[in-house]
2 protein chains.
Amino acid sequence: MTSTRERILDTALALFNRHGERRVTTNHIAAELAISPGNLYYHFRNKTEIVSELFRRYEARVEAFLQVPVGRALTWQDKVAYLEAILQNMWQARFFHRELGHLLDADEHLRRRYADFARRSLDQGLQVYCGLRHAGLLEATDEELESLLVNTWVLIASWTGFVHALVPGERLDEELDRTLLRQGIYQIICLEAPYLRGEALEHLDTMKDAYRQGSHSTLELLFE
Amino acid sequence: MTSTRERILDTALALFNRHGERRVTTNHIAAELAISPGNLYYHFRNKTEIVSELFRRYEARVEAFLQVPVGRALTWQDKVAYLEAILQNMWQARFFHRELGHLLDADEHLRRRYADFARRSLDQGLQVYCGLRHAGLLEATDEELESLLVNTWVLIASWTGFVHALVPGERLDEELDRTLLRQGIYQIICLEAPYLRGEALEHLDTMKDAYRQGSHSTLELLFE
DNA sequence: CGATTGTTAGAGTAATTACTCTAGGTGTCA
DNA sequence: TGACACCTAGAGTAATTACTCTAACAATCG
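Keep in mind the model is a prediction, meaning the values are calculated, not measured.

With respect to the overall build of chain A
Tallying secondary structure elements over chain A gives 13 helices and zero strands in all. In chain A, the succession of α and β elements from N to C terminus is α-α-α-α-α-α-α-α-α-α-α-α-α. Counting only C-alpha atoms, chain A reaches 60 × 40 × 35 Å along its principal axes. Across the 224 residues that make up chain A, the buried fraction comes to 57%. For chain A, long-range pairs separated by at least 24 residues make up 72% of all intrachain contacts whose partners lie at least 6 apart in sequence. Looking at chain A as shown, the accessible area adds up to about 9,800 Å², and 50% of this sits on carbon and sulfur atoms. Positive and negative charge centroids in chain A, built from 26 and 33 side chains respectively, lie 6 Å apart.

The structure is reproduced here in C-alpha coordinates:
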(Lines give C-alpha, C1' and ligand atoms only; values in the text may rest on other atoms or scores of the structure.)
Protein backbone atom coordinates (compact mmCIF):
# COMPACT_ATOMS: atom_id res chain seq x y z
CA MET A 1 0.00 0.00 0.00
CA THR A 2 1.29 3.41 -0.97
CA SER A 3 2.31 5.84 1.73
CA THR A 4 0.04 8.57 2.99
CA ARG A 5 2.37 11.16 1.56
CA GLU A 6 2.04 9.70 -1.92
CA ARG A 7 -1.70 9.38 -1.59
CA ILE A 8 -1.95 13.02 -0.60
CA LEU A 9 0.00 14.03 -3.68
CA ASP A 10 -2.08 11.85 -5.97
CA THR A 11 -5.35 13.05 -4.53
CA ALA A 12 -4.27 16.69 -4.57
CA LEU A 13 -3.27 16.34 -8.22
CA ALA A 14 -6.58 14.77 -9.16
CA LEU A 15 -8.58 17.41 -7.31
CA PHE A 16 -6.47 20.28 -8.63
CA ASN A 17 -6.91 19.03 -12.18
CA ARG A 18 -10.63 18.61 -11.73
CA HIS A 19 -11.53 21.76 -9.82
CA GLY A 20 -8.50 24.03 -10.00
CA GLU A 21 -5.93 24.67 -7.27
CA ARG A 22 -7.65 27.76 -5.99
CA ARG A 23 -10.91 26.03 -5.26
CA VAL A 24 -9.40 22.98 -3.60
CA THR A 25 -8.55 23.58 0.06
CA THR A 26 -6.26 21.46 2.17
CA ASN A 27 -9.34 20.40 4.09
CA HIS A 28 -10.91 19.16 0.88
CA ILE A 29 -7.89 17.05 0.13
CA ALA A 30 -7.92 15.57 3.63
CA ALA A 31 -11.65 14.93 3.44
CA GLU A 32 -11.34 13.20 0.07
CA LEU A 33 -8.71 10.91 1.58
CA ALA A 34 -10.70 10.50 4.78
CA ILE A 35 -7.75 11.64 6.87
CA SER A 36 -7.54 14.61 9.23
CA PRO A 37 -6.15 18.02 8.27
CA GLY A 38 -3.57 17.56 10.99
CA ASN A 39 -2.40 14.41 9.33
CA LEU A 40 -2.03 16.22 6.04
CA TYR A 41 0.01 18.92 7.73
CA TYR A 42 2.19 16.33 9.31
CA HIS A 43 3.34 15.33 5.84
CA PHE A 44 3.40 18.77 4.24
CA ARG A 45 4.23 22.03 5.95
CA ASN A 46 1.72 23.89 3.79
CA LYS A 47 -0.28 23.86 0.61
CA THR A 48 2.53 25.50 -1.32
CA GLU A 49 4.74 22.54 -0.54
CA ILE A 50 2.23 20.20 -2.10
CA VAL A 51 2.14 22.23 -5.29
CA SER A 52 5.90 22.49 -5.22
CA GLU A 53 6.29 18.74 -4.94
CA LEU A 54 3.81 18.14 -7.75
CA PHE A 55 5.85 20.47 -9.91
CA ARG A 56 9.03 18.62 -9.00
CA ARG A 57 7.50 15.35 -10.16
CA TYR A 58 6.33 16.87 -13.42
CA GLU A 59 9.63 18.57 -14.06
CA ALA A 60 11.56 15.36 -13.44
CA ARG A 61 9.44 13.41 -15.89
CA VAL A 62 9.82 15.98 -18.65
CA GLU A 63 13.57 16.23 -18.22
CA ALA A 64 13.85 12.47 -18.27
CA PHE A 65 12.66 12.05 -21.82
CA LEU A 66 13.57 15.38 -23.41
CA GLN A 67 17.04 14.16 -24.30
CA VAL A 68 18.76 13.82 -27.65
CA PRO A 69 19.90 10.22 -28.06
CA VAL A 70 23.67 9.96 -28.33
CA GLY A 71 25.40 7.93 -31.01
CA ARG A 72 22.59 7.88 -33.54
CA ALA A 73 20.67 10.28 -35.74
CA LEU A 74 17.12 11.33 -34.88
CA THR A 75 14.25 9.74 -36.76
CA TRP A 76 10.78 10.98 -37.49
CA GLN A 77 9.51 8.40 -35.03
CA ASP A 78 11.54 10.13 -32.35
CA LYS A 79 9.78 13.37 -33.15
CA VAL A 80 6.38 11.80 -32.66
CA ALA A 81 7.51 10.15 -29.45
CA TYR A 82 8.61 13.54 -28.08
CA LEU A 83 5.26 15.07 -28.83
CA GLU A 84 3.35 12.20 -27.29
CA ALA A 85 5.43 12.26 -24.14
CA ILE A 86 5.41 16.01 -23.65
CA LEU A 87 1.71 16.47 -24.12
CA GLN A 88 0.97 13.44 -22.02
CA ASN A 89 2.88 14.92 -19.11
CA MET A 90 1.47 18.35 -19.69
CA TRP A 91 -1.98 16.88 -19.46
CA GLN A 92 -1.22 15.02 -16.27
CA ALA A 93 -0.23 18.27 -14.57
CA ARG A 94 -2.76 20.40 -16.35
CA PHE A 95 -3.88 22.30 -13.25
CA PHE A 96 -0.40 23.71 -13.17
CA HIS A 97 -0.59 25.32 -16.59
CA ARG A 98 -4.14 26.42 -16.15
CA GLU A 99 -3.29 28.47 -13.09
CA LEU A 100 0.36 29.10 -13.78
CA GLY A 101 -0.06 32.85 -13.54
CA HIS A 102 -1.34 32.81 -10.00
CA LEU A 103 0.85 29.99 -8.77
CA LEU A 104 3.97 31.85 -9.81
CA ASP A 105 2.71 35.14 -8.40
CA ALA A 106 2.11 33.49 -5.07
CA ASP A 107 5.48 31.78 -4.85
CA GLU A 108 8.57 33.56 -6.08
CA HIS A 109 10.69 30.53 -5.42
CA LEU A 110 8.51 28.48 -7.73
CA ARG A 111 8.79 31.21 -10.35
CA ARG A 112 12.53 30.87 -10.43
CA ARG A 113 12.33 27.12 -10.63
CA TYR A 114 9.81 27.35 -13.44
CA ALA A 115 11.96 29.84 -15.34
CA ASP A 116 14.95 27.52 -15.00
CA PHE A 117 12.84 24.60 -16.11
CA ALA A 118 11.64 26.53 -19.15
CA ARG A 119 15.14 27.58 -20.02
CA ARG A 120 16.48 24.04 -19.81
CA SER A 121 13.53 22.61 -21.71
CA LEU A 122 13.78 25.18 -24.47
CA ASP A 123 17.46 24.46 -24.67
CA GLN A 124 16.85 20.74 -24.96
CA GLY A 125 14.10 21.44 -27.47
CA LEU A 126 16.55 23.38 -29.58
CA GLN A 127 18.94 20.42 -29.48
CA VAL A 128 16.15 18.19 -30.70
CA TYR A 129 15.24 20.51 -33.55
CA CYS A 130 18.89 20.86 -34.53
CA GLY A 131 19.19 17.08 -34.47
CA LEU A 132 16.18 16.75 -36.74
CA ARG A 133 17.62 19.33 -39.11
CA HIS A 134 20.94 17.54 -39.11
CA ALA A 135 19.16 14.28 -39.94
CA GLY A 136 17.56 15.99 -42.95
CA LEU A 137 14.05 15.76 -41.51
CA LEU A 138 13.64 19.47 -41.15
CA GLU A 139 14.80 22.51 -43.09
CA ALA A 140 14.96 25.92 -41.51
CA THR A 141 17.31 28.81 -40.83
CA ASP A 142 18.51 29.35 -37.26
CA GLU A 143 16.09 32.21 -36.93
CA GLU A 144 13.18 30.14 -38.17
CA LEU A 145 14.14 27.33 -35.85
CA GLU A 146 14.11 29.56 -32.83
CA SER A 147 10.76 31.13 -33.57
CA LEU A 148 9.36 27.67 -34.25
CA LEU A 149 10.72 26.46 -30.94
CA VAL A 150 9.14 29.32 -29.00
CA ASN A 151 5.81 28.86 -30.75
CA THR A 152 5.87 25.14 -30.07
CA TRP A 153 6.62 25.69 -26.39
CA VAL A 154 3.88 28.28 -25.94
CA LEU A 155 1.40 26.13 -27.79
CA ILE A 156 2.18 23.03 -25.77
CA ALA A 157 2.15 24.88 -22.47
CA SER A 158 -1.15 26.53 -23.31
CA TRP A 159 -3.06 23.75 -24.99
CA THR A 160 -4.71 22.42 -21.85
CA GLY A 161 -5.67 25.94 -20.83
CA PHE A 162 -7.23 26.54 -24.22
CA VAL A 163 -9.19 23.32 -24.06
CA HIS A 164 -10.35 23.90 -20.52
CA ALA A 165 -11.49 27.43 -21.28
CA LEU A 166 -13.85 26.18 -23.95
CA VAL A 167 -14.91 22.83 -22.58
CA PRO A 168 -16.47 22.90 -19.12
CA GLY A 169 -15.22 20.25 -16.72
CA GLU A 170 -18.39 18.20 -16.72
CA ARG A 171 -18.24 17.64 -20.49
CA LEU A 172 -14.71 16.27 -20.15
CA ASP A 173 -14.94 12.53 -19.87
CA GLU A 174 -11.93 10.32 -20.47
CA GLU A 175 -12.93 9.76 -24.06
CA LEU A 176 -12.98 13.46 -24.94
CA ASP A 177 -9.83 13.94 -22.88
CA ARG A 178 -7.87 11.58 -25.06
CA THR A 179 -9.30 13.05 -28.23
CA LEU A 180 -8.40 16.61 -27.30
CA LEU A 181 -4.92 15.58 -26.23
CA ARG A 182 -4.37 13.99 -29.63
CA GLN A 183 -5.84 17.05 -31.27
CA GLY A 184 -3.16 19.09 -29.53
CA ILE A 185 -0.50 16.90 -31.09
CA TYR A 186 -2.19 17.43 -34.44
CA GLN A 187 -1.95 21.18 -34.00
CA ILE A 188 1.76 20.99 -33.29
CA ILE A 189 2.31 18.75 -36.28
CA CYS A 190 0.62 21.44 -38.38
CA LEU A 191 2.89 24.03 -36.80
CA GLU A 192 5.98 22.13 -37.88
CA ALA A 193 4.59 20.93 -41.21
CA PRO A 194 5.99 23.70 -43.44
CA TYR A 195 9.53 22.89 -42.33
CA LEU A 196 9.42 19.09 -42.66
CA ARG A 197 11.51 17.28 -45.25
CA GLY A 198 12.42 13.73 -46.25
CA GLU A 199 10.82 10.91 -44.34
CA ALA A 200 9.10 13.27 -41.96
CA LEU A 201 7.37 14.93 -44.90
CA GLU A 202 6.44 11.59 -46.44
CA HIS A 203 4.70 10.56 -43.25
CA LEU A 204 3.06 13.92 -42.68
CA ASP A 205 -0.35 13.03 -44.05
CA THR A 206 -0.36 9.72 -42.21
CA MET A 207 0.48 11.49 -38.97
CA LYS A 208 -2.14 14.13 -39.52
CA ASP A 209 -4.79 11.51 -40.10
CA ALA A 210 -3.65 9.54 -37.09
CA TYR A 211 -4.00 12.43 -34.68
CA ARG A 212 -6.91 14.19 -36.26
CA GLN A 213 -9.49 11.84 -34.88
CA GLY A 214 -12.29 10.98 -37.26
CA SER A 215 -13.07 13.71 -39.74
CA HIS A 216 -13.68 16.33 -37.08
CA SER A 217 -11.80 19.58 -37.19
CA THR A 218 -10.37 21.02 -33.99
CA LEU A 219 -13.01 23.69 -33.86
CA GLU A 220 -15.87 21.30 -34.39
CA LEU A 221 -14.61 19.22 -31.51
CA LEU A 222 -14.49 22.16 -29.14
CA PHE A 223 -17.72 23.81 -30.08
CA GLU A 224 -19.59 20.68 -31.09
CA MET B 1 -13.84 64.19 -14.11
CA THR B 2 -14.57 60.54 -14.72
CA SER B 3 -17.19 58.79 -12.67
CA THR B 4 -16.39 56.71 -9.61
CA ARG B 5 -17.60 53.63 -11.43
CA GLU B 6 -15.16 54.17 -14.26
CA ARG B 7 -12.34 54.89 -11.86
CA ILE B 8 -13.05 51.67 -10.00
CA LEU B 9 -12.84 49.73 -13.24
CA ASP B 10 -9.63 51.44 -14.31
CA THR B 11 -7.99 50.93 -10.95
CA ALA B 12 -9.12 47.32 -10.69
CA LEU B 13 -7.73 46.63 -14.15
CA ALA B 14 -4.40 48.19 -13.28
CA LEU B 15 -4.12 46.31 -10.00
CA PHE B 16 -5.27 43.02 -11.53
CA ASN B 17 -2.69 43.35 -14.29
CA ARG B 18 0.06 44.19 -11.83
CA HIS B 19 -0.66 41.73 -9.02
CA GLY B 20 -3.16 39.26 -10.40
CA GLU B 21 -6.88 39.10 -9.70
CA ARG B 22 -6.56 36.60 -6.92
CA ARG B 23 -4.25 38.73 -4.85
CA VAL B 24 -6.17 41.96 -5.27
CA THR B 25 -9.06 42.28 -2.83
CA THR B 26 -11.97 44.65 -3.14
CA ASN B 27 -10.56 46.46 -0.13
CA HIS B 28 -7.29 46.96 -1.96
CA ILE B 29 -9.09 48.53 -4.87
CA ALA B 30 -11.01 50.84 -2.58
CA ALA B 31 -7.87 51.77 -0.67
CA GLU B 32 -5.96 52.53 -3.85
CA LEU B 33 -8.75 54.88 -4.88
CA ALA B 34 -9.05 56.29 -1.36
CA ILE B 35 -12.74 55.46 -1.25
CA SER B 36 -14.59 53.21 1.19
CA PRO B 37 -15.43 49.56 0.54
CA GLY B 38 -19.08 50.51 0.93
CA ASN B 39 -18.73 52.97 -1.87
CA LEU B 40 -17.22 50.32 -4.11
CA TYR B 41 -20.08 47.98 -3.32
CA TYR B 42 -22.55 50.70 -4.11
CA HIS B 43 -21.30 50.64 -7.68
CA PHE B 44 -20.69 46.91 -8.02
CA ARG B 45 -22.66 44.14 -6.37
CA ASN B 46 -19.52 42.02 -6.04
CA LYS B 47 -16.03 41.41 -7.29
CA THR B 48 -17.27 39.08 -10.00
CA GLU B 49 -19.24 41.92 -11.48
CA ILE B 50 -16.10 44.01 -11.79
CA VAL B 51 -14.30 41.22 -13.64
CA SER B 52 -17.36 40.67 -15.76
CA GLU B 53 -17.52 44.32 -16.75
CA LEU B 54 -13.81 44.40 -17.56
CA PHE B 55 -14.34 41.41 -19.82
CA ARG B 56 -17.27 43.15 -21.49
CA ARG B 57 -15.08 46.14 -22.30
CA TYR B 58 -12.33 43.94 -23.69
CA GLU B 59 -14.73 41.85 -25.72
CA ALA B 60 -16.36 44.93 -27.22
CA ARG B 61 -13.04 46.38 -28.32
CA VAL B 62 -11.92 43.17 -29.99
CA GLU B 63 -15.18 42.70 -31.83
CA ALA B 64 -15.05 46.29 -33.00
CA PHE B 65 -11.94 45.91 -35.08
CA LEU B 66 -12.01 42.22 -35.99
CA GLN B 67 -14.15 42.87 -39.05
CA VAL B 68 -13.47 42.20 -42.71
CA PRO B 69 -13.85 45.47 -44.64
CA VAL B 70 -16.67 45.33 -47.15
CA GLY B 71 -16.28 46.43 -50.75
CA ARG B 72 -12.51 46.10 -50.98
CA ALA B 73 -9.85 43.40 -50.88
CA LEU B 74 -7.64 42.93 -47.86
CA THR B 75 -4.08 44.25 -47.99
CA TRP B 76 -0.99 43.17 -46.14
CA GLN B 77 -1.21 46.38 -44.16
CA ASP B 78 -4.59 45.21 -42.90
CA LYS B 79 -2.97 42.04 -41.64
CA VAL B 80 -0.42 43.97 -39.62
CA ALA B 81 -3.11 46.26 -38.28
CA TYR B 82 -5.09 43.26 -37.04
CA LEU B 83 -2.10 41.86 -35.20
CA GLU B 84 -1.26 45.20 -33.61
CA ALA B 85 -4.82 45.75 -32.46
CA ILE B 86 -5.41 42.27 -31.13
CA LEU B 87 -2.21 42.01 -29.15
CA GLN B 88 -2.62 45.54 -27.89
CA ASN B 89 -6.01 44.67 -26.44
CA MET B 90 -4.83 41.35 -25.15
CA TRP B 91 -2.09 43.13 -23.28
CA GLN B 92 -4.46 45.67 -21.81
CA ALA B 93 -6.53 42.88 -20.27
CA ARG B 94 -3.62 40.59 -19.57
CA PHE B 95 -4.75 39.65 -16.06
CA PHE B 96 -7.70 38.01 -17.71
CA HIS B 97 -5.65 35.62 -19.79
CA ARG B 98 -3.16 34.98 -17.06
CA GLU B 99 -5.86 33.72 -14.72
CA LEU B 100 -8.40 32.59 -17.26
CA GLY B 101 -8.53 29.08 -15.86
CA HIS B 102 -9.62 30.13 -12.44
CA LEU B 103 -11.86 32.98 -13.53
CA LEU B 104 -13.88 30.64 -15.71
CA ASP B 105 -13.99 27.94 -13.04
CA ALA B 106 -15.38 30.42 -10.56
CA ASP B 107 -18.05 31.84 -12.85
CA GLU B 108 -19.93 29.53 -15.18
CA HIS B 109 -21.75 32.46 -16.72
CA LEU B 110 -18.45 34.03 -17.70
CA ARG B 111 -17.33 30.71 -19.16
CA ARG B 112 -20.27 30.70 -21.53
CA ARG B 113 -19.64 34.29 -22.53
CA TYR B 114 -15.98 33.54 -23.11
CA ALA B 115 -16.76 30.47 -25.21
CA ASP B 116 -19.16 32.54 -27.32
CA PHE B 117 -16.57 35.23 -27.65
CA ALA B 118 -13.95 32.71 -28.75
CA ARG B 119 -16.31 31.18 -31.25
CA ARG B 120 -17.20 34.54 -32.77
CA SER B 121 -13.60 35.69 -32.82
CA LEU B 122 -12.37 32.49 -34.43
CA ASP B 123 -15.13 32.81 -36.97
CA GLN B 124 -14.13 36.38 -37.77
CA GLY B 125 -10.51 35.30 -37.85
CA LEU B 126 -11.36 32.69 -40.45
CA GLN B 127 -13.08 35.36 -42.52
CA VAL B 128 -9.94 37.44 -42.35
CA TYR B 129 -7.70 34.57 -43.39
CA CYS B 130 -10.05 33.68 -46.23
CA GLY B 131 -10.01 37.30 -47.30
CA LEU B 132 -6.22 37.29 -47.32
CA ARG B 133 -6.17 34.11 -49.33
CA HIS B 134 -8.66 35.56 -51.77
CA ALA B 135 -6.47 38.61 -52.17
CA GLY B 136 -3.54 36.36 -53.06
CA LEU B 137 -1.58 37.24 -49.94
CA LEU B 138 -1.78 33.78 -48.46
CA GLU B 139 -1.82 30.27 -49.87
CA ALA B 140 -3.17 27.36 -47.89
CA THR B 141 -5.71 24.58 -48.05
CA ASP B 142 -8.84 24.84 -45.94
CA GLU B 143 -7.35 22.38 -43.53
CA GLU B 144 -4.11 24.31 -43.23
CA LEU B 145 -6.03 27.51 -42.77
CA GLU B 146 -7.99 26.13 -39.88
CA SER B 147 -5.03 24.73 -38.03
CA LEU B 148 -3.20 28.00 -38.58
CA LEU B 149 -6.17 29.88 -37.19
CA VAL B 150 -6.31 27.77 -34.04
CA ASN B 151 -2.59 28.04 -33.50
CA THR B 152 -2.71 31.80 -33.95
CA TRP B 153 -5.54 32.11 -31.46
CA VAL B 154 -3.87 30.00 -28.83
CA LEU B 155 -0.60 31.80 -29.28
CA ILE B 156 -2.17 35.24 -29.00
CA ALA B 157 -4.28 34.28 -26.02
CA SER B 158 -1.28 32.77 -24.25
CA TRP B 159 1.46 35.19 -25.09
CA THR B 160 1.02 37.40 -22.05
CA GLY B 161 0.89 34.35 -19.82
CA PHE B 162 4.11 33.05 -21.31
CA VAL B 163 5.86 36.36 -20.82
CA HIS B 164 4.60 36.80 -17.29
CA ALA B 165 5.67 33.32 -16.29
CA LEU B 166 9.25 34.03 -17.23
CA VAL B 167 9.58 37.70 -16.41
CA PRO B 168 8.75 38.64 -12.82
CA GLY B 169 6.54 41.69 -12.41
CA GLU B 170 9.25 43.94 -11.03
CA ARG B 171 11.41 43.53 -14.14
CA LEU B 172 8.52 44.60 -16.34
CA ASP B 173 8.85 48.31 -16.93
CA GLU B 174 6.98 50.03 -19.72
CA GLU B 175 9.98 49.74 -22.01
CA LEU B 176 10.23 45.96 -21.70
CA ASP B 177 6.45 45.74 -21.89
CA ARG B 178 6.39 47.30 -25.33
CA THR B 179 9.31 45.21 -26.50
CA LEU B 180 7.73 41.93 -25.45
CA LEU B 181 4.41 42.90 -26.98
CA ARG B 182 6.15 43.52 -30.30
CA GLN B 183 8.03 40.28 -29.89
CA GLY B 184 4.66 38.54 -29.66
CA ILE B 185 3.67 40.04 -32.98
CA TYR B 186 6.99 38.82 -34.38
CA GLN B 187 6.20 35.29 -33.26
CA ILE B 188 2.84 35.34 -34.98
CA ILE B 189 4.38 36.70 -38.16
CA CYS B 190 6.75 33.72 -38.06
CA LEU B 191 3.79 31.43 -37.57
CA GLU B 192 2.14 32.73 -40.72
CA ALA B 193 5.33 33.16 -42.72
CA PRO B 194 5.31 29.79 -44.55
CA TYR B 195 1.92 30.55 -46.03
CA LEU B 196 2.51 34.13 -47.17
CA ARG B 197 2.55 35.04 -50.85
CA GLY B 198 2.75 38.13 -53.07
CA GLU B 199 3.11 41.49 -51.37
CA ALA B 200 2.86 39.95 -47.94
CA LEU B 201 5.85 37.76 -48.72
CA GLU B 202 7.80 40.66 -50.17
CA HIS B 203 7.36 42.62 -46.95
CA LEU B 204 8.01 39.66 -44.69
CA ASP B 205 11.63 40.48 -43.90
CA THR B 206 10.82 44.12 -43.34
CA MET B 207 8.08 43.16 -40.94
CA LYS B 208 10.25 40.71 -39.10
CA ASP B 209 12.94 43.32 -38.63
CA ALA B 210 10.40 45.89 -37.53
CA TYR B 211 8.98 43.74 -34.75
CA ARG B 212 12.09 41.90 -33.76
CA GLN B 213 13.52 44.73 -31.75
CA GLY B 214 17.23 45.19 -32.06
CA SER B 215 19.12 42.02 -32.80
CA HIS B 216 17.80 40.22 -29.75
CA SER B 217 16.09 36.90 -30.15
CA THR B 218 12.92 36.19 -28.22
CA LEU B 219 14.73 33.86 -25.87
CA GLU B 220 17.55 36.29 -25.16
CA LEU B 221 14.99 38.90 -24.25
CA LEU B 222 13.23 36.66 -21.78
CA PHE B 223 16.19 35.05 -20.12
CA GLU B 224 18.80 37.79 -20.51
C1' DC C 1 -37.31 75.60 2.68
C1' DG C 2 -38.18 70.50 2.31
C1' DA C 3 -37.90 66.44 -0.26
C1' DT C 4 -35.84 63.37 -3.14
C1' DT C 5 -32.19 61.04 -5.46
C1' DG C 6 -27.64 59.64 -5.96
C1' DT C 7 -23.40 58.97 -3.64
C1' DT C 8 -20.09 58.16 0.08
C1' DA C 9 -18.05 56.71 4.61
C1' DG C 10 -16.62 53.34 7.67
C1' DA C 11 -17.48 50.21 11.21
C1' DG C 12 -18.74 45.66 11.36
C1' DT C 13 -19.87 40.60 10.20
C1' DA C 14 -20.11 35.98 8.56
C1' DA C 15 -17.71 32.73 6.30
C1' DT C 16 -13.78 30.73 4.68
C1' DT C 17 -9.34 28.66 5.15
C1' DA C 18 -4.59 27.76 5.92
C1' DC C 19 -2.54 26.09 9.58
C1' DT C 20 -1.53 24.61 14.87
C1' DC C 21 -1.59 21.93 18.98
C1' DT C 22 -2.24 18.32 21.99
C1' DA C 23 -3.09 13.86 22.81
C1' DG C 24 -3.14 9.41 21.48
C1' DG C 25 -2.57 5.31 18.52
C1' DT C 26 0.70 1.73 16.11
C1' DG C 27 4.55 -0.84 14.83
C1' DT C 28 9.33 -2.15 15.86
C1' DC C 29 13.39 -3.29 18.21
C1' DA C 30 15.98 -4.02 22.53
C1' DT D 1 7.65 -5.49 28.51
C1' DG D 2 8.90 -0.77 27.53
C1' DA D 3 10.78 2.81 24.85
C1' DC D 4 10.98 5.15 20.81
C1' DA D 5 9.91 6.81 16.22
C1' DC D 6 6.47 7.38 13.31
C1' DC D 7 1.94 8.48 12.16
C1' DT D 8 -2.88 10.10 12.89
C1' DA D 9 -7.05 12.48 14.79
C1' DG D 10 -9.75 16.44 15.31
C1' DA D 11 -10.90 20.42 17.74
C1' DG D 12 -9.49 24.92 17.50
C1' DT D 13 -7.40 29.56 16.00
C1' DA D 14 -5.84 33.59 13.71
C1' DA D 15 -6.14 35.94 9.71
C1' DT D 16 -8.16 37.12 5.62
C1' DT D 17 -11.82 38.83 2.82
C1' DA D 18 -16.02 39.45 0.36
C1' DC D 19 -19.69 41.82 1.52
C1' DT D 20 -23.53 44.52 4.58
C1' DC D 21 -25.68 48.13 7.06
C1' DT D 22 -26.67 52.48 8.74
C1' DA D 23 -26.05 57.12 8.67
C1' DA D 24 -25.02 61.09 6.47
C1' DC D 25 -23.50 64.39 2.75
C1' DA D 26 -24.48 66.84 -1.68
C1' DA D 27 -26.92 68.36 -5.58
C1' DT D 28 -31.25 69.26 -7.72
C1' DC D 29 -36.02 70.35 -8.02
C1' DG D 30 -40.74 71.61 -6.28
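On we go.
Concerning the protein's contact with DNA strand D
Taken together, 16 residues form the shell around DNA strand D, and within it A:Thr4, A:Ser36, A:Gly38, A:Asn39 and A:His43 come nearest. Contact distances for DNA strand D include 2.9 Å between a phosphate oxygen and a backbone N or O atom of A:Ser36. At the level of secondary structure, the elements contributing two or more residues to the surface near DNA strand D comprise α3 (37-43) of chain A together with α2 (26-33) and α3 (37-43) of chain B. Of all the elements, α3(A) adds the most residues to the surface near DNA strand D, at four residues.

Some remarks on the protein's contact with DNA strand C
Of all residues adjacent to DNA strand C, which total 16 residues, the nearest are A:Lys47, B:Thr4, B:Ser36, B:Gly38 and B:His43. Backbone atoms, meaning sugar and phosphate, form 64% of the atoms of DNA strand C found within 4 Å of the protein. The contact in question runs from a phosphate oxygen of DNA strand C to an N or O atom on the backbone of B:Ser36, over 2.8 Å. Looking at the surface near DNA strand C, the elements with two or more residues in it are α2 (26-33) and α3 of chain A together with α3 of chain B. Counted by class, the surface near DNA strand C contains five nonpolar, 10 polar and one charged residues.

Digging into the environment of B:Arg120
Residues and elements named next belong to chain B. The topology assignment puts Arg120 in helix α8 (residues 108-134). Judged by its relative accessible area of 37%, Arg120 is partly exposed. With near-sequence residues (within four places) excluded, Arg120 lies in contact with Glu59 and Glu63.

Digging into the interface of chain B and chain A
Each partner contributes to the interface: chain B provides 48 residues, whereas chain A provides 48 residues. Approximately 4,300 Å² of surface area, both sides summed, lies buried where chain B meets chain A, with 57% of it carried by carbon and sulfur atoms. Viewed at the interface, chain A and chain B are joined by eight salt bridges. A salt bridge links A:Glu21 to B:Arg22; the shortest N-O distance between them is 2.9 Å. At the boundary of chain B with chain A, the tally comes to 24 residue pairs in polar contact (both at pLDDT 80 or more). Listing elements by their share of the side of chain B that touches chain A, those giving two or more residues are α7 (100-106), α8, α9 (142-166), α10 (174-192) and α13 (218-223) of chain B. Here the side of chain B that touches chain A is built from residues that sort into 23 nonpolar, 11 polar and 14 charged.

A few points about the packing of aromatic side chains
All names here are of chain A. Taken as a whole, this structure holds 24 aromatic pairs over all chains when the rule is applied. Ring plane angle 65° and centroid distance 5.7 Å describe the contact between Tyr58 and Phe117, whose orientation is recorded as edge-to-face. Residue Tyr58 is found in helix α4 (residues 47-65), and its partner Phe117 is found in helix α8 (residues 108-134); the two are separated by 59 residues along the sequence. Given the relative accessible area of 2%, Tyr58 is considered buried. Taken together through their ring pairs, the aromatic side chains of Phe16, Phe55, Tyr58, Phe95, Phe96, Tyr114, Phe117 and Trp153 make up a single cluster.

Observations concerning the relation of the copies chain B and chain A
Related by rotation about an axis and a shift along that axis, the two copies of the chain form a pair. For the pair chain B and chain A, the relating rotation is 180°, the translation along its axis is 0.0 Å, and the fit reaches an RMSD of 0.1 Å. Both chain copies can therefore be described as sitting about a two-fold axis.

As for the pattern of salt bridges
Residue and element names in this part refer to chain A. Throughout the structure, instances matching the rule amount to 43 salt bridges over all chains. Across the pair Asp105 and Arg111 runs a salt bridge, and its minimum N-O distance is 3.5 Å. For the residue pair Asp105 and Arg111, the accessibility class agrees, reading buried in each case. In this structure, Arg119 engages Asp116 in a salt bridge whose closest nitrogen and oxygen atoms are separated by 3.8 Å. You can see Arg119 and its partner Asp116 sitting in helix α8, three residues apart, about one turn around the helix.

Criteria and thresholds
- Residues numbered from 1 in each chain as written.
- Chains lettered and ligands numbered in written order.
- Predicted model: local features only at pLDDT ≥ 70, side-chain atom pairs only at ≥ 80, totals over all residues.
- Heavy atoms only, no water.
- Helix = DSSP H or I, 4+ residues; strand = E, 2+ residues; numbered from the N terminus.
- Buried < 20%, exposed > 50% of the residue type's maximum accessible area, 1.4 Å probe, protein only.
- Contact = heavy atoms within 4.5 Å.
- Areas by Shrake-Rupley, 256 points an atom, 1.4 Å probe, with all protein chains shown as cover.
- Lys, Arg positive; Asp, Glu negative; His and termini not counted.
- Charge placed at Lys NZ, Arg CZ, Asp CG, Glu CD.
- Near = heavy atom within 4 Å.
- Polar contact = N/O pair within 3.5 Å; in protein donor to acceptor, adjacent residues only side chain to side chain.
- Nonpolar A, V, L, I, M, F, W, Y, C, P; charged D, E, K, R; others polar.
- Buried area = accessible area lost by both parts, 1.4 Å probe.
- Salt bridge = Lys/Arg side-chain N within 4 Å of Asp/Glu carboxyl O.
- Phe/Tyr/Trp six-rings, centres within 6.5 Å; stacked < 30°, edge-to-face > 60°.
- Least-squares fit on C-alpha atoms with pLDDT ≥ 70 in both.

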